[in-house]
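# Remarks on the overall topology
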Amino acid sequence: MKRPSLLLGALLLAGTALPARAAEASATLPSGDFAVTGATIAIGDGSAPIPGGTVLVRGGKIVAAGKDVSVPAGVPVIDGTGKWVTPGLVTAMTDLGLVDVGAVDESNDSSAGTARFSAGLDVSLAIDSDAPPVAVSRASGITRAGVAPIAANAIFAGQGAVIDLAQDGPGIMQPRAFQLVELGERGADLAGGSRVAAQALLRNALREARDLAQRKPGKAAGQDAPGQPTDALLTRVDAAALIPVVMGKQPLFVHVERAADIRGVLALGKEFPALRLVIVGAGEGWRVAGEIAAAKVPVLASALADLPGSFETLAATQSNVGRMTAAGVKVALGGFYDLDQPRYAAQFAGNLVGLSRVPGAAGLNWGQALASITSIPAEILGEGAKFGSLKPGLSADVVIWDGDPLEVASAPITIYVDGKLQSLVNHQSRLRQRYRHPGEGALPKAYE
Amino acid sequence: MGRTAAHVLAGLALLASPMAGMAETKSAPAAAPMWQKNPYPSTYKPYPGEPTAIVGATVFDGTGGEIPNGTVLLQGGKVVGVGDARLAVPDGYRRIDGTGKFVTPGVIDIHSHLGVYGSPAVQAHSDGNEATSPTTPQVWAEHSVWPQDPGFSRALTNGGVTTMQILPGSANLIGGRSVVLKNVYARTAQAMKFPGAPYGMKMACGENPKRVYGGKGQMPSTRMGNLAVDRQAWIKAAEYRKKRAEGKLTERDLAMDTMADVLDGKILVQNHCYRADEMAQVIDMSKEFGYKVSAFHHAVEAYKIADLLRDNGICAAIWADWWGFKMEAFDAIPENAALLADAGACVIIHSDDANGIQRLNQEAAKARAAGKRMGIIIPDGEVIRWITLNPARALGIDKQTGSLAQGKMGDVVLWNGNPLSVYSRPEKVWIDGALLYDMADPKRRPVSDFELGLPGEGDVK
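Reading the values: rules and limits
Residues numbered from 1 in each chain as written. Chains lettered and ligands numbered in written order. Predicted model: local features only at pLDDT ≥ 70, side-chain atom pairs only at ≥ 80, totals over all residues. Helix = DSSP H or I, 4+ residues; strand = E, 2+ residues; numbered from the N terminus. Rg over C-alpha atoms; globule rule 2.2 N^0.38 Å. Buried ≥ 20, exposed ≤ 12 C-beta atoms within 10 Å, placed from the backbone. Contact = placed C-beta atoms within 7 Å. UniProt positions renumbered as here; feature names shortened; annotations may be inferred. Nonpolar A, V, L, I, M, F, W, Y, C, P; charged D, E, K, R; others polar. Core = buried A, V, L, I, M, F, W, Y, C linked by C-beta atoms within 7 Å. Domains from an automatic or database assignment. Pairing = 2+ DSSP bridges. Axes fitted to C-alpha atoms, helices over the stretch in contact; angles between N-to-C directions.

Bringing the overall build of chain A into the picture now. Helix and strand counts for chain A come out as twelve helices and 16 strands. For 448 residues, the compact-globule formula gives about 22 Å, and the C-alpha radius of gyration of chain A, at 24 Å, lands near that figure. Taken over the C-alpha atoms alone, chain A extends approximately 75 × 70 × 45 Å along its principal axes. Taken over 448 residues, chain A has a buried fraction of 55%. A separation of at least 24 residues holds for 69% of the contacts in chain A among residues at least 6 apart in sequence.

Put into structure tokens, the structure is as follows:
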């Protein structure tokens, strides 16, 4: 009778977790329709914060946010005096939902070194909104994220998804939202040892996808017309996955760092004009910022990388984001992998504000800094009309903070996704409660 | 992009590699017998400074104190006066107006791998783990230090770091000796060595050693294997020490010299250890063999045994809020530091990271704020102690540096705002009274040999 007892154990465990969660999301705060008044409101579109403002939410959508917003009778009001309100934070490339514990391989679905497929891999089929990092990220104010696979067996990592971090899943908003390819040092390694090989693989893949898209039903490769190639390097699955990329229906995220590689990506855009390119990394982007801006290619860049960590980031500086932004590039903060978890987004953005006070450095103003972790990543994910700011009509992803959200001492105190109040309970918050006082009580800690 | 988008793709591999997040050790003084003479003595010499008075700033003195509108006097490389506005500035001092600004002692990172895992992080620079045997007390980190690591300059200019302990990695149970450095570029590692600092010996618990050696099919492959190999080494060291003291050594053993010096109390143990239960085992092991652990590093579960650490006088050197990247970090919580402080245990905020070392002040601020949210209120000055005097104490250099007190080294940071704010940066940094960074003066910004003639040379970083 092992099986039933195991089941019972699982139920008991679930039972102990539920009361805490319910207690946290208590009925003292409204959902769906509400207003926050008297708070400092930061819209997230790059504008400066507005003191003494109001945010009005109805039916899970933002109705208005700003200075002169009247609250209709009957709408529950939350007093935001002394508090700040922002849109939920957005991080465009993460491994949220793919990983429980990074270095525990069994729990990590972010890469597949010996898989048969690459571009065809679709992370949306594996995302688990109960993965512990999702709840921890939510408690830090992240409400939406892009989820990307990590390339491990080919230059193509596969197809990323867009998720929300709401507490009761499913979480997946947009499967197959983008494709990710490696063309720098990592791409060279994956392609067989050189950037030359990576470039050849990429161009061949795009052409195979285009050929596949043009092939007539029932025909095999080469049967349609003389001169059409009959060989194929890509699996059918991978080639099919690249069709929306070559047709410009799915963005192609390209990871490169050094200036020369960035120029190479911009040239690729000229060779395949339909591609909707996004540059990921761009550690030396400031050196070619004008060219990136002219090509209207957006960038996901790490905020604080300032070490020549490799020969492709020799010119790394914390001023990279500020200089690119000043040149007119649309830049969101990225690089939220490994130890730089998404929950650090606000701290990183705050650092770029501090940087603007260093002579010779380029940072962001406060409004730009918040936009780099809200509206801009949402736009880069193609979701700018759905979330990422407190503009009317957008999803009511609302975070109430106990202070300036970019300041290290501040934290979210209330979080809504689509107007629904979210739990802030997670593994860490439960441990905190248990160990408020060291030492055992009348019973072991395990009974607390 | 040290740990950046480049490692968007390599990060997990990094974590799984033997060099991920590992390190710690130190070493001892000099005397008559051969094993006590240091053949690699410090040749560090302070650079010239000028008599300097920082006036009008809020001064955090490193001991927990806070002086509004304070005055700090530097002369002859030393702190010669600390006080409030009544402290007279002698003639001939350069006056620096600190109004609206803040002064702290130079920041000290007790856990760094700068120089032994230099940037760029190519295999040729991977010098931090002698991962060929689970116990390598015979290696000395200073013999791996590359004094041209570009990371030193970022730690100085963005982090106000003036002193660092450079540790071997944590692939090994006993990783070797650490070295304490002044953050001053030099042609040789010897010329960076902190004069008179005791050595440390790096030890490691937990996942890293058992993964590295278990993966090679050798001992240790388990946590019980970890302890067994450690204990066997201590038994041998105790024997060696006895013979050494009796003058009966027939052959000198470099590894045993280091461990015997630990047993003699001359070398401080710096022990990488995440889990509470493992720290408790190590404390018992230290009593079994008669040595003392100076600090547990990466002690993410220290809050579970705050009382035990307090009662044994062992510091917890921790990140503010790293969490969940490996199994033994799953129970990390951001309230760790505050809970330890609340229980009266010694808190140190460390980096273990070439990026994190640039923001120890922010990490300390985060840790304090997490405590405040659960009702534990810690004053600003006490939080600054976590990155100054407390690490100095655990390194055995608290008589020389770590606080602003008369006669101590003139290691000082002038911040352009409260260092516990994300918006603040070092404006000027003095080391032994010499102005070695000035935000407003590009000529007071170090550029490593590596960066010369390459893109980005001399840029703000």
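Each helix and strand in chain B was counted, giving eleven helices and 17 strands. Its C-alpha atoms give chain B a radius of gyration of 21 Å, near enough to 23 Å, the size a compact globule of 461 residues would have. The contacts in chain B between residues at least 6 apart in sequence include a share of 72% that link residues at least 24 apart.

In this section: the UniProt feature "domain: Amidohydrolase-related" (unreviewed entry) in chain B. Here the UniProt-annotated "domain: Amidohydrolase-related" (unreviewed entry) positions come out as residues 339-430 of chain B. For residues 339-430 of chain B, the end-to-end C-alpha separation is 33 Å, with 34% helix and 13% strand making up the annotated structure.

Between chain B and chain A, the residue contacts involve 62 residues of the former and 68 residues of the latter. Of the residues in the side of chain B that touches chain A, the class split is 36 nonpolar, 13 polar and 13 charged.

Ranked by internal contacts, the top residues of the largest apolar core, which has 277 residues, are Val55(A), Ile155(A), Ile279(A), Ala349(A), Ala316(B), Leu340(B) and Ile348(B). Ranked by residue count, the leading element in this core is helix H9 (residues 345-355) of chain A, at seven residues. Counting the residues that make up this core, at least three belong to each of domain 1 (2-86 + 412-434) and domain 2 (90-387) of chain A. Not counting chain neighbours up to four residues away, the residues in contact with Ile279(A) comprise Val254(A), Val256(A), Ile262(A), Val265(A), Ile292(A), Val297(A) and Val299(A).

Quick look at the sheet that holds strand E10 (residues 200-204) of chain B now. All names here are of chain B. Spatial ordering of the open sheet is given by E8-E10-E11-E12-E13-E14, a layout of six strands whose pairing is mixed. Among the strands making up the open sheet, the edge pair consists of strand E8 (174-177) and strand E14 (347-349). Sheet twist, expressed as the average angle between the axes of neighbouring strands with direction ignored, equals 20°. The pairing of strand E13 (residues 315-318) with E14 spans three bridges and is classified as parallel. For Ala317, the partnering residue across the bridge sits in E14 and is Ile348.

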